[in-house]
Amino acid sequence: MAKSDFLNDAARCGAIVGLLLVLSSTFELKLVLGFSNGGEPSPSILLARALLILMEYFVAAALHFYLLYAAARRLSLRSTAAEGFSFGRGYGFALTASAFAGVILGAGNYVYIHLLLGYGEYIDRLSDTVVRLIGVSGTPLAETMLEVVDRIRETPAPSIFSTVLGGVWSSVLFGLIFGLIIAGVLARAPQPFDSQSND
């Protein structure tokens, strides 16, 4: 199998996974930043939003895994019996596709936070959300958390490079875990004397 096929498939899979992750990240941010709107949130609203964020996170992770698995499986099926499909090839595919996805995730986050929402607005709403959640929870670490909020407000806006790098790191971290499972399931030894291809 040509190396260009490997990279094209990884880029295609990465683009699809990246778009999924951008949608997921935007949805989660909208839910989190929504706490800063209006009055004090009731405990039932807090719980409902937390459950919605948790459910969405697990659905996005399951779709991320499925898309990586399906693309790696297609690549595996195109490998002949004589070539086989090594663990390293499957793992490399998952990591490469995840890296492509991470670039799209980082770029999408940058566009949403810096260009659409505005970094100042994002920090203000995030800080307000943290302060409101501290007030509702009545945590004994309130002073420490407020210091963290002050540090967040004083931190300069990250560059597009650091935002994209953060997206790559986040996506590749999932790829490291998912890739182990995918490569382990799809790996098969070469069978040079098998005349039939593995369709």
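A short tour of the structure in this document, coming up. Residue indices begin from 1 for each chain and proceed along its sequence in written order. Where local features are concerned, this predicted model is filtered to residues with pLDDT of at least 70; where side-chain atom pairs are given and counted, the filter is 80 or more; whole-chain, interface and lining totals use all residues. Side-chain figures throughout are based on the complete set of non-hydrogen atoms in the structure, without hydrogens or water.

## Quick notes on the overall build of the chain
Heads up, the rule is: The helix and strand labels rest on DSSP assignments: H or I over at least four residues marks a helix, E over at least two residues marks a strand, and numbering proceeds from the N terminus. Relative accessibility thresholds used throughout: buried, under 20% of the residue-type maximum; exposed, over 50%; partly exposed, between the two (1.4 Å probe, protein chains only). Contacts: residue pairs with any heavy atoms within 4.5 Å of one another.
Counting its regular elements, the chain contains 5 helices and 0 strands. Seen in sequence order, the chain has helices and strands lined up from the N terminus as α-α-α-α-α. Counting the 199 residues in the chain, one finds 39% classified as buried. Intrachain contacts of the chain at a sequence separation of at least 6 include 87% that bridge at least 24 residues.

## A few points about the layout of surface pockets
Heads up, the condition is: The method works on a 1 Å grid over the protein atoms by themselves. A cavity is a set of points holding a 1.4 Å probe that cannot get out, a pocket is an open set with protein on both sides within 12 Å along at least five of seven lines, and residues with an atom within 4 Å of a point line them. Grid points are joined across faces, edges and corners, and a volume is the space filled by probe spheres set on the points. Put simply, Ala, Val, Leu, Ile, Met, Phe, Trp, Tyr, Cys and Pro go in the nonpolar bin, Asp, Glu, Lys and Arg in the charged bin, and everything else, Gly too, in the polar bin.
Taken as a whole, the largest pocket encloses approximately 290 Å³ of empty space. Residue assignment for the lining of the largest pocket shows that the elements contributing at least two residues are α1 (3–33), α2 (43–78), α3 (87–137) and α5 (160–186). Among the elements that line the lining of the largest pocket, the one with the most residues is α5, at 5 residues. Of the residues in the lining of the largest pocket, the class split is 6 nonpolar, 8 polar and 1 charged. D9, R12, C13, I16, Y66, L67, A70, A71, R74 and R78 are the residues that line the second largest pocket.

## Looking at the pattern of salt bridges
A side chain of one charge can pair with a side chain of the opposite charge if their charged atoms are brought near each other. Note the following rule: Salt bridge, as applied in this entry: a Lys or Arg side-chain nitrogen positioned within 4 Å of an Asp or Glu carboxyl oxygen.
The final tally for this structure, using the stated rule, is 2 salt bridges. Its salt-bridge partner being D9, residue R12 comes within 2.9 Å of it at the nearest N-O pair. One end of the pair is R12 and the other is D9, both in helix α1 and 3 residues apart, which spans about a single turn. Since its relative accessible area comes to 11%, D9 is described here as buried. Among the salt bridges present, the one from D9 reaches R78, with a minimum N-O distance of 2.2 Å. Here the residue D9 occupies a position in helix α1, and R78 occupies one in helix α2, the gap between them amounting to 69 residues. According to the relative accessible area criterion, R78 is partly exposed, its value standing at 43%.

## Looking at a nonpolar patch on the surface
What counts, and what does not: Each patch is built from salt-bridge-free residues with over 30% relative accessible area, joining like charges within 9 Å and nonpolar side chains (Val, Leu, Ile, Met, Phe, Trp, Tyr) within 5 Å. Residue exposure ignores everything except the shown protein chains as possible cover, and the areas themselves are Shrake-Rupley values with a 1.4 Å probe.
On the surface, L47, L51, L54, Y57 and F58 cluster together into a nonpolar patch covering about 510 Å² of accessible area. The residue L51 is located in helix α2 in this model. Its relative accessible area of 45% is what places L51 among the partly exposed residues.

## Digging into the nonpolar core
The nonpolar side chains of a soluble globular protein tend to be buried with one another. Put simply, the rule is: In plain words, nonpolar cores are sets of buried Ala, Val, Leu, Ile, Met, Phe, Trp, Tyr and Cys residues tied together by side-chain atoms within 4.5 Å.
Counting 19 residues, the largest nonpolar core has C13, L68, F93 and I182 as its most contacted members. Mapped onto this core, the elements with two or more residues apiece are α1, α2, α3 and α5. Sort the elements by how many residues they give to this core and α1 lands first, with 6 residues. Contact partners of C13, with chain neighbours within four places excluded, come to L67, L68, A71, F93 and A97.

## Brief notes about the environment of F93
Secondary-structure assignment places F93 in helix α3. What makes F93 buried here is its relative accessible area of 0%. Residues F93 and G175 lie 82 residues apart in sequence; the distance between their C-alpha atoms is 9.3 Å. The contact partners of F93, leaving out residues within four places of it in the chain, are F6, D9, A10, C13, L68, A71, A72 and L75.

## Considering α5
One turn of the α-helix equals 3.6 residues, which is why residues spaced by three or four share an orientation. Note the cut-off: A helix's residues, less one, multiplied by 1.5 Å, set its expected span. Here the bend at a residue means the angle between the axes of two seven-residue stretches, the one that ends at it and the one that starts at it.
With 27 residues, α5 should cover 39 Å at 1.5 Å per step; its first-to-last C-alpha distance of 36 Å lies within 8% of that length. At F178, α5 shows its maximal kink, close to 35 degrees. Taken as a whole, α5 has its buried residues at T163, V164, G167, V168, S171, V172, G175, F178, G179, I182, A183 and L186.

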